[in-house]
Amino acid sequence: MMKSWLLSFSLLCAIAGCGGSNSTAKPIPEPTKQHQPGKYLFAAVYENHSWLHTRKGFVIKGNGDLYYFDLSDTTATLPAAEQASEAELTRFFEAARFEFVQTVPAEQLNQLWLQGRDLSNNTLGKEQSSCRDAGKYQYLMFQPVGNQQYRQALIYQTGDFRREQQDSKAELLKDYLVKQAVKLQIAYILDPDGNNWCSGL
């Protein structure tokens, strides 16, 4: 009885290709693991202290919600170090006026995130003097590095001084963030055919 069962099992395996090199069954691939954005993802920050104390901008959270902020009446300052904690960023962005504007569509947000995920401040070009008394416009990305810490990657800076990423992946991010800044009247188009670096473009 045992022999006939083993013989039957062996025949079935031979027919089905059990454990053989002719097996057509393909292993299911492991899902690709990707780092996910944290609480904050992108921001545009405009500061000018030449005439009036101005500090305003917008921030896009990891869930796609875009908020406008105005900190002109506060002493809140963006962390100067390349790495900042989530608590430090929250204290800055949400120190005063903090208003929901819109939600970036998930597909667009994911495209922006993937474009900028590997950007590094090591690929920034040289700082150039652009304007005078124009303040500082910074377009930033926040890359989570674990333990609620973020690497602050500068995508583009203009105003008194201009500096931008040389990595071509940053171009899409720069264009998107500058357009949002214009919509929210943080940056301005002064002359359609001229140099608008002084106005945040």
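What you see is a predicted model, and the numbers here were worked out from it, not measured in a lab. (Residues numbered from 1 in each chain as written. Predicted model: local features only at pLDDT ≥ 70, side-chain atom pairs only at ≥ 80, totals over all residues. Heavy atoms only, no water.)

## Re unusual backbone geometry
Part 1 of the argument: Positive phi values are uncommon outside glycine, yet N147 reaches one of about 55°.
Part 2 of the argument: The residue Q185 is not glycine, and still its phi comes out positive at about 60°.
Part 3 of the argument: If you trace the backbone, Q185 turns up in the segment after helix 4 (170-183). (Helix = DSSP H or I, 4+ residues; strand = E, 2+ residues; numbered from the N terminus.)

## Examining the pattern of salt bridges
Part 1 of the argument: Going through the model one piece at a time under the given rule, you end up with six salt bridges.
Part 2 of the argument: The shortest N-O distance in the salt bridge between E94 and K39 comes to 3.8 Å. Residue E94 is found in the loop between helix 2 (86-93) and strand 5 (97-103), and its partner K39 is found in the loop between helix 1 (2-16) and strand 1 (40-48); the two are separated by 55 residues along the sequence.
Part 3 of the argument: We classify K39 as partly exposed; its relative accessible area is 28%. (Salt bridge = Lys/Arg side-chain N within 4 Å of Asp/Glu carboxyl O. Buried < 20%, exposed > 50% of the residue type's maximum accessible area, 1.4 Å probe, protein only.)

## Some thoughts on the confidence of the model for the protein
Part 1 of the argument: Mean pLDDT over the protein stands at 82; residues scoring 70 or higher make up 83%.
Part 2 of the argument: For the protein, the element scoring lowest by mean pLDDT is helix 1, at 46; strand 3 (residues 65-70) scores highest, at 97.
Part 3 of the argument: The low-confidence segment residues 5-9 (pLDDT under 50) makes zero contacts with residues lying over four places distant or belonging to another chain.
Part 4 of the argument: Contacts from residues 11-23, a stretch scored under 50 in pLDDT, to residues over four places away or in other chains number two contacts. (pLDDT = per-residue confidence, 0-100. Contact = heavy atoms within 4.5 Å.)

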